[in-house]
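Breakdown of the fold
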Amino acid sequence: MMDLPAYFKYALTLLMTPNGIAAVLGVAGVVWLARMYLKKIEIPGLSVEFLKDESWFLHRDDNRRLVIVVSLELTNRSGQEARFTSIKFSGYSPRQEAAPVLLEGKQTSVPAPFPEYDQYYAGADYGAAPYATQRVWLYFESGSVDLRNKMSAPLVLRTANGRRTSVRVDLYRHPYQVQLYREQWI
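Residues numbered from 1 in each chain as written. Predicted model: local features only at pLDDT ≥ 70, side-chain atom pairs only at ≥ 80, totals over all residues. Heavy atoms only, no water.

A word on the nonpolar core
As a rule of thumb, soluble globular proteins bury nonpolar side chains together. Here is the rule: Think of a nonpolar core as a cluster: buried Ala, Val, Leu, Ile, Met, Phe, Trp, Tyr and Cys residues, connected wherever their side-chain atoms sit within 4.5 Å. Burial classes: relative accessible area under 20% of the type maximum marks a residue as buried, over 50% as exposed, and values in between as partly exposed (1.4 Å probe, protein chains only). Strands here are runs of E lasting at least two residues and helices are runs of H or I lasting at least four, both read from the DSSP assignment and numbered beginning at the N terminus. Should any heavy atoms of two residues lie within 4.5 Å, those residues are counted as being in contact.
Of all hydrophobic cores here, the largest spans 27 residues; its most connected members are Val70, Phe84, Phe89, Leu155 and Leu171. Per-element tally for this core: the top contributor is strand β3 (residues 66-76), with 5 residues. When near neighbours in sequence (up to four residues on either side) are disregarded, Leu171 contacts Phe50, Ser55, Trp56, Phe57, Ile68, Val69, Val70, Phe89, Asn149, Lys150 and Met151. Counting 9 residues, the second-largest nonpolar core is a separate cluster that includes Val69, Val101, Phe114 and Trp137.

Considering the sheet that holds strand β11 (residues 164-172)
Hydrogen bonds between backbone groups are what pair the strands of a sheet, and the pairing can be parallel or antiparallel. Note the cut-off: In short, DSSP must find at least two bridges between two strands for them to pair. Convention adopted: a line fitted to C-alpha atoms gives each axis, helices being fitted over their contacting stretch, and angles between N-to-C directions are expressed from 0 to 180 degrees.
Read across the open sheet, the 4 strands follow the order β8-β4-β10-β11; overall the sheet is antiparallel. The open sheet has two edge strands, β8 (126-128) and β11, and neither has a second partner. Between one strand axis and the next, the sheet turns by 40° as a mean value, whatever way the strands run. Summarising the sheet, strand β4 (residues 82-89) and β8 pair through 3 bridges and their orientation is antiparallel. Bridge assignment links Phe84 to a residue of β8, and that residue is Tyr126.

Description of helix α1 (residues 4-15)
Note that an α-helix has 3.6 residues per turn; residues three or four places apart therefore point the same way. What counts, and what does not: One less than the residue count of a helix, multiplied by 1.5 Å, gives the span that helix is expected to have.
Its 12 residues place the ends of α1 16 Å apart at the C-alpha level, agreeing with the 16 Å of an ideal helix rising 1.5 Å per residue. Here α1 lies mainly on the outside; 0 of its 12 residues are buried.

What about the side chain of Asn76?
Quick note on the threshold: For this analysis, a polar contact is any N or O atom pair within 3.5 Å, provided that within protein one partner can donate a hydrogen and the other can accept it, and provided that sequence-adjacent residues contribute only side-chain to side-chain pairs.
Within the secondary structure layout, Asn76 lies in strand β3. By relative accessible area, which is 2% here, Asn76 ends up buried. At 2.9 Å, the side chain of Asn76 and the backbone oxygen of Gln80 are in polar contact. Not counting residues within four places of it along the chain, the set of residues in contact with Asn76 comprises Pro44, Gly45, Leu46, Glu81, Ala82, Ala128, Ala129, Pro130, Tyr131 and Ala132.

Quick look at the pairing of β11
Along β11, the buried face is formed by Thr165, Val167, Val169 and Leu171; none of Arg164, Ser166, Arg168, Asp170 and Tyr172, which line the opposite face, is buried. Bridging between strand β10 (residues 150-159) and β11 involves 9 bridges; their strand directions are antiparallel. Looking at the pairing, Ser152 lines up with Asp170 of β11. The antiparallel hairpin formed by β10 and β11 contains 4 residues in its connecting segment, where Gly162 sits at a positive phi of about 90°.

Some remarks on a nonpolar patch on the surface
Put simply, the rule is: Exposure above 30% relative accessible area and the absence of a salt bridge qualify a residue for a patch, where like charges join within 9 Å and nonpolar side chains (Val, Leu, Ile, Met, Phe, Trp, Tyr) within 5 Å. Residue burial considers only the protein chains on display, and all accessible areas are found by Shrake-Rupley using a 1.4 Å probe. Whenever Lys or Arg places a side-chain nitrogen within 4 Å of a carboxyl oxygen from Asp or Glu, that contact is recorded as a salt bridge.
Residues Met2, Leu4, Tyr7 and Phe8 make up a contiguous nonpolar surface patch of about 510 Å² in total accessible area. Relative to the assigned elements, Phe8 resides in helix α1. Residue Phe8 is classed as exposed on the basis of its relative accessible area of 61%.

Now the structure itself:
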C-alpha cells in the first residue's frame with residue numbers, strides 16, 4: 001500500500017533544495033512567457049461566435065464535392081478596425097463563387113438557402129468595424145467526401161498586422177439533405 005504523506009514529504013524536501021526552487025521558477029517563467037506570447041498574437045477586443053443554426057455542410061451529387069457554409073458573428077470591442085487577410089477552415093480558403101446547390105430527392109428538388117448577410121472570400125477586403133457587431137458567412141468546397149453527419153475543425157482568422165484568433169466549429173449535415181436521404185430509402 002502506498003504511503004502518500006511520505007511521498008508528499010519527500011517531494012517537498014526535493015523542491016526546497018536550490019535545484020528544486022530553480023526548476024519551479026524555470027517552469028513558471030516558461031508558462032508566463034508562453035501566456036504573454038499568446039496574448040500578444042491575439043486580436044485585441046475581437047470575439048468570434050460560431051452561429052450553429054446557420055452553418056451546415058452537404059454532399060453535392062452533381063460534382064461529388066462537399067459544400068461547407070460557416071456563419072460567424074464578429075463583435076469588435078476595440079477602437080481599431082480588424083482587417084482580415086485570411087480565414088481558413090481546416091486549411092481550406094473560402095471561395096467567392098457560391099454556386100447554387102440543388103438538393104434532389106425522389107420527387108422534389110430544393111435549393112439550399114445561403115445566408116443573407118455579407119460573404120467573406122479569399123482576397124476580399126473585409127474588416128470588423130470598431131465597436132460593432134457584424135455577421136459574415138463563408139463558403140468552402142472540399143474534394144473529400146464525408147459520409148458522417150458531423151464535422152469538427154478549427155477556423156482561424158488572421159488580420160493584416162499578423163494577429164490571429166481561432167474558434168472550434170462543429171458542423172452538421174444540412175437538415176434538408178438528411179430529410180431527402182431518408183425519403184429516398186423509405
